Each structure stands twice: as structure tokens, then as C-alpha cells.
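Below, each chain spelled out in residue letters.
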Amino acid sequence: DENGSTGQLPREYQLHHNYPNPFNPATTIEYSLPESQHVQLEVYNMLGQRVAVLVNEVKTAGRHQAVFDATNLSSGMYLYRITAGSFVQTEKMMLVK
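Residues numbered from 1 in each chain as written. Predicted model: local features only at pLDDT ≥ 70, side-chain atom pairs only at ≥ 80, totals over all residues. Heavy atoms only, no water.

A. Region of interest: the pattern of salt bridges. Tallied over the entire structure, the rule returns four salt bridges. Residue Arg81 pairs with Glu42 through a salt bridge whose shortest N-O separation is 3.4 Å. Placement of the pair is Arg81 in strand 6 (residues 76–84) and Glu42 in strand 3 (residues 37–45), with a sequence separation of 39 residues. Under the relative-accessibility criterion, Arg81 is labelled partly exposed at 30%. For Glu42, a relative accessible area of 4% corresponds to the buried category. In the salt-bridge network here, residues are joined through shared partners; they are Glu42, Arg50 and Arg81. (Salt bridge = Lys/Arg side-chain N within 4 Å of Asp/Glu carboxyl O. Helix = DSSP H or I, 4+ residues; strand = E, 2+ residues; numbered from the N terminus. Buried < 20%, exposed > 50% of the residue type's maximum accessible area, 1.4 Å probe, protein only.)

B. The arrangement of the nonpolar core in detail. Within the largest apolar cluster, 21 residues are counted, with the highest numbers of intra-cluster contacts made by Tyr31, Leu41, Phe68 and Met93. Of all the elements in the fold, those that place two or more residues in this core are strand 2 (26–33), strand 3, strand 4 (50–59), strand 5 (62–69), strand 6 and strand 7 (87–95). Among the elements that take part in this core, strand 6 stands out by supplying four residues, more than any other. Residues contacting Tyr31, with those up to four places away along its chain left out, are Gln14, Leu15, His16, Val39, Leu41, Val55, Lys59, Gly62, Arg63, His64, Gln65 and Ile82. (Core = buried A, V, L, I, M, F, W, Y, C linked by side-chain atoms within 4.5 Å. Contact = heavy atoms within 4.5 Å.)

C. Structural context of the sheet that holds strand 7. Spatially, 4-3-6-7 is the arrangement adopted by the four strands of the open sheet, whose pairing is antiparallel. Of all strands in the sheet, those bounded by a partner on one side alone are strand 4 and strand 7. Neighbouring strand axes in the sheet, compared pairwise and without regard to direction, differ in orientation by 15 degrees on average. Pairing between strand 6 and strand 7: nine bridges, direction antiparallel. In the strand pairing of strand 7, Met77 is matched with Met94. (Pairing = 2+ DSSP bridges. Axes fitted to C-alpha atoms, helices over the stretch in contact; angles between N-to-C directions.)

D. Spatial organisation of the environment of Asn24. Its location among the elements puts Asn24 in the loop between strand 1 (14–15) and strand 2. Separated by 59 residues in sequence, Asn24 and Thr83 have C-alpha atoms that sit 25 Å apart. Discounting chain neighbours no more than four positions away, the residues touching Asn24 are Leu95, Val96 and Lys97.

E. Broad picture of unusual backbone geometry. For the peptide bond that leads from Tyr19 to Pro20, omega is -10 degrees, which places it in the cis range. Within the secondary structure layout, Pro20 lies in the loop between strand 1 and strand 2. A cis amide bond links Asn21 to the next residue, Pro22, at an omega of 5 degrees. With respect to the helices and strands, the residue Pro22 is situated in the loop between strand 1 and strand 2.

Note that all results are geometric; they support no functional claim without further evidence.
Here is the structure:
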């Protein structure tokens, strides 16, 4: 198919590293789901304050991506966290303006 996958569904939940990283002003975050699941993808600053909700809905099994636009945020380290069922993972990303 057009995204180059073999058509097989992911076997596990996965939160991929964002790209580009460091970024300005936007970055893409990819994640994989082995089954349809309610997904929350949120971004936090280093004070633990939520600065964005990128996804908050049921997503089908497969690979998905969300774009985080930090135009209105200041430079620095941010955390992005996915919650899908019992799967939770957090990664860091750097905004450089």
C-alpha cells in the first residue's frame, strides 16, 4: 500500500520518537496500535502542565500519526504521553526557536 507497510497490523503498542527532533515549530508523533483502542496523546511542559491534547478518541488498529504545533510555546523540553488501554508511554522532545 501507499505507506510502504506489508499490510500487517502492529503486534504491540508503540510510541515512536517524534521527528524532526529538535523541532520548530511543528513535529510529527507516530504511534502503533495492535487493536482498536481509545487513545489519548498529550503534551506536557517540564512543570507537568498539559499544554496540548493531540488525540482523544478511538483509533483503529495500525500506525497513526499526529502533528504537534508549538508555535505559541517557548523553547525547551516537552514530554509527550500516550495512553491506550493499559499501555502508557512517555517520550521527550525539544523545541528550539
